[in-house]
Amino acid sequence: MSIQELNEKLNGQFGIDGVVKFTTGKNNLPCIKVTSPLASACIYLHGAHVTHFQPVGEEPVLFMNSKSWFEDGKPIRGGVPVCFPWFGPHLVDDTKPAHGFVRLSQWDVQSVTQDAVGNIVITLFTESNDDTYDLWPFEFELRHIITIGKTLTMSLQTTNTDEKDMKITEALHTYFSVTDIHEVYVAGLEGRPYFDKVADVDTTAPNGPLHFTGEFDSVFLPRLAVFADRAVFRLEAMRVGERTRITLLTVATLRLEHLVRVRVRVRVRVRVRVRV
C-alpha cells in the first residue's frame, strides 16, 4: 500500500475534519497532524512518536534534533521516544538496539476520538511478532494513549500476553525545549544518590537545587522532583519511579502516566538538553 493510499484509508477511518489529518511527514513517513482550538501536535506512526506539541498562544513544548533520522529501522531523535522493553543499552547484548525496538517501526492506529471539551484522544498499538521475538522472547501488547488539549497527556500501557513473567524497563523519554540552560534547575533530589553517566561514577546530589553548567546525564532513584525554567515561569513536578507524572504549569501542562501491568524494574534518567 502506498503512503497516499494509507493516508486515505486512515483519514476515512479516523480523520476528523479540520482537526485530525493523516498526512505524509518527513522522508515519506506517515504522521498525524492535530490542529484544534486548544493545541497543535504531530505524531508519527513510526515509533508512536510525538514530535510536536504546542498549546494555542504558547511556545512549542518539545525539543527536536534537527539532525534526526526519519527512516524505517532508525529512531526519531527528540520529542517523546517510546522506550521498550529496555531503557538504554541492552544489558548483555550491545548489538541490540538502544532503548528497545518499538521506536524503530510503524505502529497501528486503534482509535481517534474527540471529547466534549475538545481534547483529541489518539490510541496507537503494537504487539509482539516474529521479528520482536528474535530480539526479546516474550509476547506482549503495547498501547500509547495520547491526549491533546490544553495539556498533553501520554499513557503507555503494557500487557503481558505471554504465559511467563517478563522483566522490562520502559519510558516516555521526553525532550523538553528550554530557553536558557542557566535559568533551569531541578529541585527535590537533594542528597539523593545517583549515577553520573558523564563522569562514570556513583555520587550524591548536593543539598540544594541542581543547576547545569555542562552536559548532565544521570540516573536517580525514585523520587518526587520539580523542574523549572525561570525564564518563562515554567514548572514541572516530576515523580520518578513505577508511576511517572510530569506536569508543566503556566506555559503548558504535560502529564506522563507510566502504567505497567507486569513486573517492572525501573531506572529513571533525568536529562537536560538545550536548544540553541
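Described below are features of the structure shown in this document. On a predicted model such as this, the values are computed, not experimentally measured, just so you know.

### Some points on the nonpolar core
- Within the largest apolar cluster, 44 residues are counted, with the highest numbers of intra-cluster contacts made by I43, L124 and I148.
- Listed in part, the eleven residues of the second largest apolar core include I181, V184, A205 and F216.

### Section: the packing of aromatic side chains
- Summed over the entire model, instances satisfying the criterion amount to ten aromatic pairs.
- Look at F14 and F22: their rings are 6.4 Å apart centre to centre, the planes differ by 50 degrees, and that puts the pair in the tilted class.
- Residue classification places F22 among the buried residues on the basis of a relative accessible area of 2%.
- Ring centres of W86 and F101 lie 5.8 Å apart, and the angle between their planes is 80 degrees; on these two criteria the pair is classed as edge-to-face. With a gap of 15 residues between them, W86 in the loop between β5 (82-83) and β6 (108-114) and F101 in the loop between β5 and β6 connect regions that are remote in the sequence.
- Ring-pair connections join several aromatic residues into one group, and the members of that group are F84, W86, F101, W136, F138 and F140.

### Some details on the sheet that holds strand β4 (residues 49-55)
- Pairing is antiparallel across the open sheet formed by four strands, whose spatial order is β1-β2-β3-β4. Both outer strands of the open sheet, β1 (20-24) and β4, are each paired with one neighbouring strand and no more. If you compare each strand with its neighbour and ignore which way they point, the axes differ by 15 degrees on average.
- Where β1 lies against strand β2 (residues 30-35), five bridges are found, and the strand directions are antiparallel. Bridge pairing links T24 to P30 in β2.

### A few points about the pairing of strand β9 (residues 151-160)
- Judged by how many residues are buried, β9 sits mostly within the fold: eight of ten residues are covered.
- When strand β8 (residues 140-148) meets β9, the two strands line up antiparallel, connected through nine bridges. Residue pairing across strands places L142 opposite T158, the latter belonging to β9.
- A loop of two residues connects β8 with β9, the two strands running antiparallel in sequence.

### Some remarks on unusual backbone geometry
- Put simply, F84 and P85 share a cis peptide bond, and its omega is 0 degrees.
- For P85, the position within the fold is in the loop between β5 and β6.
- Phi is positive for N28, close to 70 degrees, though the residue is something other than glycine.
- Along the polypeptide, N28 turns up in the loop between β1 and β2.

Each value, and the rule that gives it
- Starting from 1, residues in each chain are numbered consecutively following that chain's sequence as written.
- Only residues with pLDDT of at least 70 get local features here, since the model is predicted, and only at 80 or more are side-chain atom pairs given and counted; chain-wide, interface and lining totals rely on the full set of residues.
- Excluded from the side-chain calculations are hydrogens and water; all other atoms, namely the structure's heavy atoms, are used.
- Among buried residues, the Ala, Val, Leu, Ile, Met, Phe, Trp, Tyr and Cys ones that are joined through side-chain atoms within 4.5 Å form a nonpolar core.
- Residue exposure (1.4 Å probe, protein chains only): buried if accessible area is under 20% of the type maximum, exposed if over 50%, otherwise partly exposed.
- In this analysis, rings of Phe, Tyr and Trp, with Trp reduced to its six-membered ring, are considered paired at centre separations within 6.5 Å, and the interplanar angle assigns stacked below 30 degrees, edge-to-face beyond 60, and tilted for intermediate values.
- Numbering of helices and strands runs from the N terminus, with a helix taken as a DSSP run of H or I at least four residues long and a strand as a DSSP run of E at least two residues long.
- Two strands form a pair only when DSSP identifies at least two bridges running between them.
- For helices, the axis comes from a line fit to the C-alpha atoms of the stretch in contact; other axes are also lines fit to C-alpha atoms, and the angle between any two N-to-C directions lies between 0 and 180 degrees.

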